Amino acid sequence: MKAAFSKETERPPIWMMRQAGRFMPEYWEIKNKYSFLEMCKTPELAADVTMLPVDLLDIDAAILFSDILVTAEAMGGDLSFTQGIGPKFANPVRNQNDIDQLSVEVTDKLQYVADAIKVIQQRLNGRIPLIGFAGAPFTVMSYLVEGGSSKDFKLTKLMLHNHPEMAHSLLAKIAKVTTNYLNLQIEAGVNAVQIFDSWALALSWDDYREFSHRYITEIINNLNRKDIPVISFCKGSSVFAPIMAEAKPDVISVDWNADLLDIKKRLPVQMAVQGNLDPHILYADQKVIKDRIHKLFERMRGQNGFICNLGHGIMPDIPFDNVKYAVEVVKEFRY
Ligand code: CP3
């Protein structure tokens, strides 16, 4: 929390995107018994999974176990997750009529997330902060329009380019839902929130501003922030960081393409950065892992607003021991 607000820390704190998931044998023990959505929707199970990296990795922050697509599901998306394929919407959103069918008043349907947050906070008992999250409108839109994951976002970008007013009506609906959803999480007791715009890198500079940044700004402006730091993540942040900063998050989470100090220096003084290790270093030999972490920390020496993380999520086949080792290296470090 100190690092998020650019206050001094004795070492950089660490958490990792996708820290609760398939690289953990203990995750599979739960996953083999329930579907992914059942895990998200059952507060006790969501809490069990959230706590795995807290107990097994001794990480500095927990992140709510859920998914960015629960907002789209609550709006009317017929969502399923299939092993090896990923998320699928059986009723993709392709025209104005599909958009008109989507509901906006859906906070009640997401109450299970608030319930999970309360269980998790009881279990954490103040030990470390809990990060809540939501998907950014553009990224959530891409799943609704494509009907699942995509390599080129062809249909989504076609909607932006040929039918911008249609795209805006969809993005505006998602932004409204996302604002209410994050405020529900804040009300339920999360200590920070992160907005994930994983596929922003598919957009040109101007399209990022018009179709992504605009809605993230609207969400951040309407959060009951109080003392809750807002972390803005996108893949593409190496390029878009100056625009992202205009939305005034407390922290910008940076992918691994950029020099983190260089990005930090181009941001307002009190804006923190998070990142930006290449997740692939966690496949490498432990001496490489240690070396890359120390190199990043030396680069960031003297910078208060710095949270150590990966530039994107942990891959499912990364060795658990390497993730644990990385956390140990960070926790032993002192400036
Ligand atoms: O980081 C965490 O540990 C918290 C939980 C979390 C999950 N998804 C759990 C999950 C978070 C923060 C997310 C966010 C999310 N979901 C994003 C943004 C972050 C990113 O990685 O870019 C996106 C794009 C999604 C959509 C999504 N959910 C996809 C594409 C997939 C399939 C992934 C794949 O590699 O197959 C999911 C499923 C998902 N979400 C899993 C987990 C642990 C795997 C589900 C399983 O057990 O099979």
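The numbers attached to residues start from 1 for each chain and follow its sequence in the written order. This being a predicted model, a pLDDT of at least 70 is required before a residue's local features are given, and a value of 80 or more before pairs of side-chain atoms are given or counted; all residues contribute to the totals for chains, interfaces and linings. To get the side-chain values, take all heavy atoms of the structure and skip hydrogens and water.

Thoughts on the pairing of strand S9 (residues 306–310)
Stage number 1. Under the scheme applied here, a residue whose accessible area is under 20% of the maximum for its type counts as buried, over 50% as exposed, and between as partly exposed, the area being computed with a 1.4 Å probe on protein chains only. The helix and strand labels rest on DSSP assignments: H or I over at least four residues marks a helix, E over at least two residues marks a strand, and numbering proceeds from the N terminus. Most of S9 sits inside the fold, with 5 of its 5 residues counted as buried.
Stage number 2. With burial as the criterion, each face of S9 is covered, one bearing Phe306, Cys308 and Leu310 and the other bearing Ile307 and Asn309.
Stage number 3. Strand pairing is assigned whenever DSSP identifies at least 2 bridges connecting the two strands. Bridge analysis of strand S8 (residues 272–277) against S9 gives 5 bridges, and the strand direction is parallel. Bridging across to S9, Leu277 finds its partner in Leu310.
Stage number 4. Crossovers are described as right-handed under a simple rule: with the strands pointing away from the observer, the path leading from the first strand over the helix to the second runs clockwise. In this fold, the crossover linking S8 to S9 by way of helix H13 (residues 286–299) has right-handed handedness.

Topic: the environment of Leu69
Stage number 1. Position of Leu69 among the secondary structure elements: in the loop between strand S1 (62–63) and helix H4 (70–75).
Stage number 2. In this structure the C-alpha to C-alpha distance between Leu69 and Asn97, which are 28 residues apart in sequence, comes to 21 Å.
Stage number 3. Only heavy atoms enter the contact rule, under which two residues are in contact if any of them lie within 4.5 Å. Aside from chain neighbours lying at most four places away, what touches Leu69 is Leu79, Phe81, Pro87, Phe89 and Tyr143.

Topic: the pairing of strand S4 (residues 130–135)
Stage number 1. Of all 6 residues in S4, 6 are buried; the element is thus mostly enclosed.
Stage number 2. Residues Leu130, Gly132 and Ala134 line one face of S4 and the alternating positions Ile131, Phe133 and Gly135 line the opposite face, and both faces are buried.
Stage number 3. As paired strands, S4 and strand S5 (residues 192–197) are joined by 5 bridges and run parallel to one another. Within S5, the residue paired with Gly132 across the bridge is Val193.

Side note on the sheet that holds strand S7 (residues 251–253)
Stage number 1. The 7 strands lie next to each other as S1-S4-S5-S6-S7-S8-S9, forming an open sheet whose pairing is parallel. Two strands lie at the open edges of the sheet, namely S1 and S9, each paired on one side alone.
Stage number 2. In the sheet, S5 pairs with strand S6 (residues 230–234) via 5 bridges, with the strands oriented parallel. For Ile195, the partnering residue across the bridge sits in S6 and is Ser232.
Stage number 3. Of the strands in this sheet, S4 and S5 are in contact with helix H9 (residues 164–188), which crosses S4 at around 170°. Under this scheme, a helix contributes an axis fitted over its contacting stretch, all axes are lines through C-alpha atoms, and angles between N-to-C directions fall in the 0 to 180 degree range.

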